[in-house]
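# Chains, contacts and geometry: an overview
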Amino acid sequence: MGNFINGVLNKKLSRREFLAASAAGAASLALSGCGGNNLAAVGPDVQAAAAEKKGKWVTAACWHNCGGRCLNKALVVDGVVVRQKTDDTHEDTPDYPQQRGCHRGRAQRFHVFGADRLKYPMKRKNWEPGGGKKELRGRDEWVRISWDEALDLVAAELKRIKEQYGNKAILGTSRLLNFYGGGLVRWGSSSSGAWGVVQECMTGFFSWKANDRLDWRNAKLIVLWGANPARSSLGNPTYNLLQAKKAGAKFIVVDPLITPTVRVLADKHIPCRPGTDTALLLAMAYHMIVNNLHDQEFLNRYTVGFDAEHMPEGADPKENFKDYVLGTYDGVPKTPEWASEICGTPPQLIREFATEIATTKPMIFTSSFAPARTYRGQQFCQAFLTVGWMTGNVGKPGAGVWTMNYAASQSYGGKTLVRGGGTGLPPVVNPLFPDATYGPYDGYRWANPTNPDAHGMAYCETYDAILKGEYTGTNGRGKIPCDIRLIWLVRDGYGYNFLNQSSDINKGIQAFRKVDFVVTNDIVLSTISKYADIVLPATTQWEKEGIILQGNPEAIFVAQKVCEPLYEAKTEEWMERELAKRLGLNPDEIYPVSPKQQFFNSIAGAQVISEDGNSYEPLVTITAQDIQEWGVQGEPQQGKIALQDLLEQGVYQVPRSPGDNLTVVQGEDFIRDPEANPLPTKSGKLEIHCQALSDKIAAYGLTTIPPIAKYEPPLDGYEATFEDWKTKKKGKYPFQLITIHYGRRSHSTYDNVPPLREAYPQEFMMNPRDAEALGLKEGDTVLIESEYGKCIRPLHLSETVMPGVVTLGEGAWVEIDEETGIDKAGATNILCGARLSGQGEEPWNTTIVRVEKYNGEPLLPDKYWKQRIIF
Amino acid sequence: MGQLGFYFNMVECMGCKACQIACKDKNDLKVGELFRKVLNFECGVYPNVGGFYLSVSCNHCAEAKCVRGCPTGAMHYAEDGTVQHNKDLCIGCRYCVWNCPYSVPQYLEDKNIVGKCDACKDLRDAGENPACVDACPMRTLKFGDLDELKRQYGPDLVSEITVLPLAEVTKPSLLMKANIYALDPSYKLKLKEV
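Reading the values: rules and limits
Along each chain, residue indices are assigned from 1 in the same order as the chain's sequence is written. For this description, chains carry letters from A and ligands carry numbers from 1, given in the order in which they are written. At least 70 in pLDDT is required for a residue's local features to be given in this predicted model, at least 80 for side-chain atom pairs to be given and counted, and no such filter applies to totals for whole chains, interfaces and linings, which use all residues. Side-chain metrics in this entry use all non-hydrogen atoms of the structure; hydrogen atoms and water are not considered. Strands are runs of DSSP state E lasting at least two residues, helices are runs of H or I lasting at least four, and both sets are numbered from the N terminus onward. Residue burial is assigned from relative accessible area. The probe radius is 1.4 Å, only protein chains are included, and a residue is buried under 20% of its type maximum, exposed over 50%, and partly exposed in between. The criterion used for residue contact is that any of the two residues' heavy atoms lie within 4.5 Å. As defined in this context, the radius of gyration uses C-alpha atoms, and a globule is described by 2.2 Å times the residue total to the power 0.38. Throughout, an axis means a line fitted to C-alpha atoms (over the contacting stretch in the case of helices), and angles, computed between N-to-C directions, take values from 0 to 180 degrees. In these notes the angle categories are as follows: under 35 degrees is roughly parallel, over 145 is roughly antiparallel, 65 to 115 is roughly perpendicular, and the rest is oblique. By definition, any crossing whose near helix is turned counterclockwise from its far helix by less than a right angle is left-handed, and any crossing with a clockwise turn is right-handed. Note that Gly is not counted as nonpolar here; it falls among the polar residues with everything else outside the nonpolar set of Ala, Val, Leu, Ile, Met, Phe, Trp, Tyr, Cys and Pro and the charged set of Asp, Glu, Lys and Arg. pLDDT is a residue-level measure of predictor confidence that goes from 0 to 100. Here a strand pair is declared whenever DSSP counts at least two bridges between the two strands. What counts as buried area is the accessible surface, traced by a 1.4 Å probe, that two parts surrender upon association, with contributions from both included. Salt bridge, as applied in this entry: a Lys or Arg side-chain nitrogen positioned within 4 Å of an Asp or Glu carboxyl oxygen. N or O atoms within 3.5 Å of each other form a polar contact, as long as, within protein, one can give a hydrogen and the other can take it, and as long as residues adjacent in sequence are counted only when both atoms are side-chain atoms. Among the buried residues, those of types Ala, Val, Leu, Ile, Met, Phe, Trp, Tyr and Cys that are joined through side-chain atoms within 4.5 Å form a nonpolar core. Here is the rule: rings of Phe, Tyr and Trp (six-membered ring for Trp) pair when centre to centre is within 6.5 Å. Planes less than 30 degrees apart are stacked, more than 60 are edge-to-face, and the remainder are tilted. Any pair of cysteine sulfurs within 2.5 Å is marked as a disulfide.

## Re the overall build of chain A
- Scanning chain A from N- to C-terminus turns up 29 helices and 37 strands.
- When its C-alpha atoms are laid out on the principal axes, chain A stretches across 80 × 65 × 55 Å.
- Residue burial in chain A is summarised as follows: out of 871 residues, 65% are buried.
- Sequence-distant contacts in chain A: of pairs separated by 6 or more residues, those separated by 24 or more amount to 72%.

Written out as structure tokens, the structure is:
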């Protein structure tokens, strides 16, 4: 290493400090990354200015499934990352805000250089081809093996299983697998819950788009339904919404919890029990109807199904929304009093809220995905859209009815102003699941249920499929037999932690312990790797060639390689190429484009919106010399920023200002002339009554849903907490659990990072009065139990939690105490059952639990837990 | 330049702890060492719950008790008025930990000296802001001349709130935009740190 490091070592670090920092017990070899095997810690006394002079700021990928993917840069000095910074590439203003990394991105170097990074390929001590002692998965010892041995073993098992049982014995997909006959796919919906197919059928995705960021400032009222961007949409969304507030928008937030978003933005908070939002919405509709507050003209012109006079062709006129709400045929008027017993919102507040949304214009009525991550969550989505449409707030400045879209979420909408180009890697179809609409990997979100050539099961049926040997076929095909022998999780970079992130971990562990072979690649020993047979050490994005990342429509981030791969970690491309050779496949066919060329292609193909605000033009100026220096194929091109400048800057963000030509009012054309601009729905209009939705959901074969919004108590919802609804006597599982997005992590990523464990202790939260009734105190270790499993957690009391509701952050890595069978980490999927619903949405937010004091060994606070350091 | 210090807007703080983590990164701190941290206070009964987040670091007090009580001069004033700590002079006696009414200095056990926020002096000398200031996604933190901060952020800024020591004790160089739960004494007994 360089003189700089020697200088620092000689001057500042005592021998004791050096040894302490380098030992395996160190929480982080944070100032490390010299490449190869020579990780060494450097003392903390690195003078910032001196470091900057000698070092180079490299844009460091923040690549997680968080919605932000902001700008983080790493200061690299002689191959060592000494610290990070965030966006300082331009002056920060509300109109043109810096893309600041969140608390997790700021801890990224502790993540990449953690002492728990997987260093070498490894296998379970008690594994052998066929499985060996399968019951020891998750609790065996690890043996270091060479790459050659690892790849030989993996290829041999894959080959054996394919030849003996066929590709349908393989669960998983990847580029390699898709060239090797494919595998069974897990399909369903996680993040977006029940929203996907609802949007497709009721609106043709019209309501999955929003007005542009600056237009939100035109709203007089913004309703955030179940949305907590302060924790689930880091980056600028909460800051952007604050600007709307400063411009005069009133905020109303509906949530069982009084979240940080409520604290910062809300003028009014509406409490509502989990899974009962539909009842609340129906009562709001009732109030609007009986007081004639709804926009009848809007409904007549732009929707179908609101009342008997405006039904779609072929529909039963009695199945109209208005008569259902009034109770005309079922004898149950959906009054605020009727709703209040269910949702817990006081009737007067329901009336006020309904009046407010009906009479305040323009209004943005927006929902997160959380209330749709419930059993038969379609009912919520139907009700939300219907009530929103009843106010007529569509297609006008400052107005809209929509649901939050992923990364471009919770404050953004409109046009994409800048985007990266494709890598040039052609997509590969999985021969067993040709209809997959989310890359070549998963039948995610809306696998076509009517395609008999799509082989795979709903997320929540995966484990039963493995254990029982059959799964539900879509489109009335009945049970389909299967014999799954291999769980393949070698895919992009860092595993696909579904054993942790999908419902019913206990059943999942049983399933993992049944198959012949489980293989993963990973950067640390996350849950799927913990229960695997062979684990291949993977590189993080910091150790790869480079990538363009995007989180919102206004900026792209161009991340580069920060350091060489740590220890023996490899990219998944390398792994798949090596495996291909052993399987008699041509690696160049699977990866015809090199990583460097892929990165170059994505830069060369990057586009930025033109001056006219409509067309696109190349972003980057690339010279013949650039191409030669990179050693890639390409043509020189003219753009707006030189390649080298873009790499140094690390970000390209299109400036915005009020009155620029980049405003978008979603749905303007449809509203101006619905006949000339019909929506891609059956009727061409917004469908309050949607037979297509009913039919498509029925085709999945899991549950059914009527064509209009109706409240039907969900499995494991509020009603299920009672033994007797009439007397309100509580039953075995009296509390409703919601599995919130939790600050420590981006889903399950970052759970292992010490400063984040310190900042966010993964506390189980209850209302103090509920705790008192059970004799529980702040800080007690409590046992949380559902029908599906048990967890222990430190108890945290707060009046921000609705009585009867409890919360625990989703994503903690399960840590089962082998003696008691109890999870110590608070992995919410230990508690959530794998129940089949709708389009395969996992109904996490309809989960019921019981809570009691735990009399076993109290938990050590998470920040003191030992890291999973293998070698 | 006049007295330098931090500005913090609790009204717009969402308690994410980006400031806390950015500070840990910049100062390479271990678990248990926090030069800036975020506290959470609440009061009331669901659904009528108030409260605030409080991001605190060193207040670089004009009459710092840590400087006054330091036997070696390790705690001292820099020319810019901020309170700095000279690691080479520190003997780890922890008088400053005892003296500071805000519990700012922390004893760093494995080094046998204390440590605290230095308002990122090395960054400021290079013309940049403290790490926490540039990290905040809600833009609630600033650092600079107190008079200038007052001019920029309004006349209603305070240097004390009900859960912090009285400003007259050490004259903290701190300006906060506070909400009613932090200002109104009638909430003080109802507030719980959560």
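We are not done yet, so read on.
## Observations concerning the overall build of chain B
- What chain B contains, in helices and strands, is 8 helices and 10 strands.
- For 194 residues, the compact-globule formula gives about 16 Å, and the C-alpha radius of gyration of chain B, at 16 Å, lands near that figure.
- Taking the principal axes of its C-alpha atoms as reference, chain B extends roughly 50 × 35 × 30 Å.
- Put simply, chain B has 194 residues, and 59% of those count as buried.

## Examining the packing of helix 7 (residues 195-203) of chain A against helix 16 (residues 378-390) of chain A
All names here are of chain A.
- Relative orientation of the contacting elements helix 7 and helix 16 amounts to 45 degrees, with a least axis distance of 9 Å. One element, helix 7, and the other, helix 16, form an angle in the oblique class. The hand of the helix 7/helix 16 crossing is right-handed. Across from W195, V198, M202 and T203 in helix 7, the residues of helix 16 making contact are Q378, F380, C381, Q382, F384, L385, T386 and W389.
- Taken together, the residues of the contact of helix 7 with helix 16 break down into 8 nonpolar, 4 polar and no charged.

## What to know about the confidence of the model for chain A
All names here are of chain A.
- For chain A, the mean per-residue pLDDT works out to 92, and 92% of the residues sit at or above 70.
- Residue range residues 1-45 is modelled with pLDDT below 50. Its contacts to residues more than four positions away, or to other chains, number 90 contacts.
- Note on residues 437-444: pLDDT under 50 across the span, and 31 contacts to partners over four residues away in sequence or across chains.

## What about the sheet that holds strand 5 (residues 142-144) of chain A?
Residues and elements named next belong to chain A.
- Spatially, 5-4-21-20-19-6 is the arrangement adopted by the 6 strands of the open sheet, whose pairing is mixed. Of all the strands in the sheet, the pair left with one neighbour each is strand 5 and strand 6 (170-171).
- For strand 20 (residues 517-522) and strand 21 (residues 534-537), the ladder comprises 4 bridges, and the chain directions are parallel. Each residue of the ladder has a partner; that of V519, found in strand 21, is I534.

## Things to note about the interface of chain B and chain A
- Counting from both sides, the interface comprises 47 residues of chain B and, opposite them, 59 residues of chain A.
- In total, chain B and chain A occlude about 4000 Å² of area from one another, counting both sides; carbon and sulfur atoms represent 54% of this.
- Of all residues in chain B, the largest losses of buried area upon contact with chain A belong to D25, Y46 and R139 of chain B, amounting jointly to 20% of the total for that side.
- Here K24 of chain B makes a salt bridge to E758 of chain A, at a shortest N to O gap of 2.6 Å.
- Our count for the contact surface shared by chain B and chain A stands at 24 residue pairs in polar contact (both at pLDDT 80 or more).
- Elements supplying a minimum of two residues to the side of chain B that touches chain A: helix 1 (18-27), strand 2 (37-45), strand 3 (48-56), helix 4 (121-125) and helix 5 (131-135) of chain B.

## Notes on the nonpolar core
Residue and element names in this part refer to chain A.
- Among the nonpolar cores identified, the biggest contains 75 residues, and W195, W225, I357, F365 and W389 are the most heavily contacted of them.
- Of all the elements, helix 11 (residues 277-290) adds the most residues to this core, at 10 residues.
- Residues in contact with F365, not counting those within four places in the same chain, are V223, W225, L281, I357, F384, V387, G388, G400, V401 and W402.

## Observations regarding the packing of aromatic side chains
Residue and element names in this part refer to chain A.
- Under the counting rule described, the total for this entry stands at 35 aromatic pairs over all chains.
- Consider the rings of W195 and F384, whose centres lie 6.1 Å apart with planes at 85 degrees: the pair is edge-to-face. Taken together, the positions of W195 in helix 7 and F384 in helix 16 put the pair 189 residues apart, joining distant regions of the chain. An identical accessibility class is assigned to W195 and F384; each is buried.
- Here W225 and F365 contribute two aromatic rings whose centre-to-centre distance is 6.0 Å and whose plane-to-plane angle is 75 degrees, an arrangement assigned as edge-to-face. Of this pair, W225 sits in strand 8 (residues 221-225) while F365 sits in strand 12 (residues 363-367); the two residues are 140 residues apart in sequence, bridging distant segments of the chain. For the pair W225 and F365, a shared accessibility class is recorded, and that class is buried.
- An aromatic cluster is built from W195, W225, F353, F365, F380 and F384, whose rings are joined through pairwise contacts.

## Observations regarding helix 1 of chain B
- Most of helix 1 of chain B sits out of view: 10 of its 10 residues are buried.
- D28 of chain B, located one to two residues past helix 1 of chain B, shows a positive phi value of around 50 degrees.

## Focus: helix 14 (residues 336-343) of chain A
Residues and elements named next belong to chain A.
- Among the 8 residues that make up helix 14, 6 are buried, leaving the element largely enclosed by the rest of the structure.
- Along helix 14, the positions that sit buried rather than exposed are P336, W338, A339, S340, I342 and C343.
- The secondary structure elements touched by the buried residues of helix 14 are helix 11 and helix 15 (347-359).
- Within two residues after helix 14, G344 carries a phi angle of roughly 85 degrees, on the positive side.

## Considerations on the environment of C19 of chain B
Residues and elements named next belong to chain B.
- Within the element layout of this structure, C19 appears in helix 1.
- Between the alpha carbons of C19 and L108 there is a distance of 20 Å; along the sequence they are 89 residues apart.
- Every residue in contact with C19, bar those within four places of it in the chain, is listed here: R36, V38, S55, C132 and L141.

## Some points on the side chain of T739 of chain A
Residues and elements named next belong to chain A.
- Positionally, T739 belongs in strand 32 (residues 735-740).
- T739 gets classed as buried once you look at its relative accessible area, which sits at 9%.
- In this view, T739 contacts L808, E810, T828, C832, W844 and N845; residues no more than four positions away in its chain are not counted.

## Concerning the state of the cysteines
Residues and elements named next belong to chain A.
- Counted by the stated rule, this structure contains 0 disulfides over all chains.
- Unpaired in this structure, C102 has its nearest cysteine sulfur neighbour in C62, at a distance of 6.2 Å.
- The closest cysteine sulfur to the non-disulfide-bonded C832 is located on C791, 9.1 Å from its own sulfur.

## Digging into the sheet that holds strand 2 (residues 72-77) of chain A
Residue and element names in this part refer to chain A.
- Pairing in this open sheet of 3 strands is antiparallel, and the strands run 1-2-3 from one edge to the other. Either end of the sheet is taken by a strand with one partner, and the two such strands are strand 1 (56-60) and strand 3 (80-86). Geometrically, the sheet is characterised by an average inter-axis angle of 35 degrees between neighbouring strands, direction not taken into account.
- For strand 2 and strand 3, the ladder comprises 6 bridges, and the chain directions are antiparallel. Pairing of V77 across the sheet is with V80, part of strand 3.

## Some words on unusual backbone geometry
- Following K361 of chain A, the chain continues into P362 of chain A via a peptide bond in cis, with omega recorded as -5 degrees.
- Here P362 of chain A lies in the loop between helix 15 and strand 12.
- Omega for the bond connecting Y46 of chain B with P47 of chain B falls within 30 degrees of zero, at 0 degrees, which places this linkage in the cis form.
- Backbone geometry places Y750 of chain A, a non-glycine residue, at a positive phi of 85 degrees.
- In this structure, D28 of chain B is a non-glycine residue whose phi angle is positive, near 50 degrees.
- By the element assignment, D28 of chain B lies in the loop between helix 1 and strand 2.

## A look at the packing of helix 11 of chain A against helix 14 of chain A
Residues and elements named next belong to chain A.
- Between helix 11 and helix 14, whose axes approach to 8 Å, the crossing angle comes to 165 degrees. Of the possible angle classes, the one that applies to helix 11 and helix 14 is roughly antiparallel. Remark: the crossing between helix 11 and helix 14 carries left-handed chirality. On the side of helix 11, the interface is formed by A279, L280, L282, A283 and Y286, while helix 14 contributes P336, W338, A339, I342 and C343.
- When grouped by side-chain class, the residues that make up the contact of helix 11 with helix 14 number 10 nonpolar, no polar and no charged.

## Notes on the pairing of strand 17 (residues 470-473) of chain A
All names here are of chain A.
- Bridge count between strand 17 and strand 18 (residues 478-481): 4 bridges; the pairing is antiparallel. Of the residues in strand 18, the one forming a bridge with T472 is K479.
- Counted along the chain from strand 17 to the antiparallel partner strand 18, the turn is 4 residues long, and its residue N475 has a positive phi close to 55 degrees.

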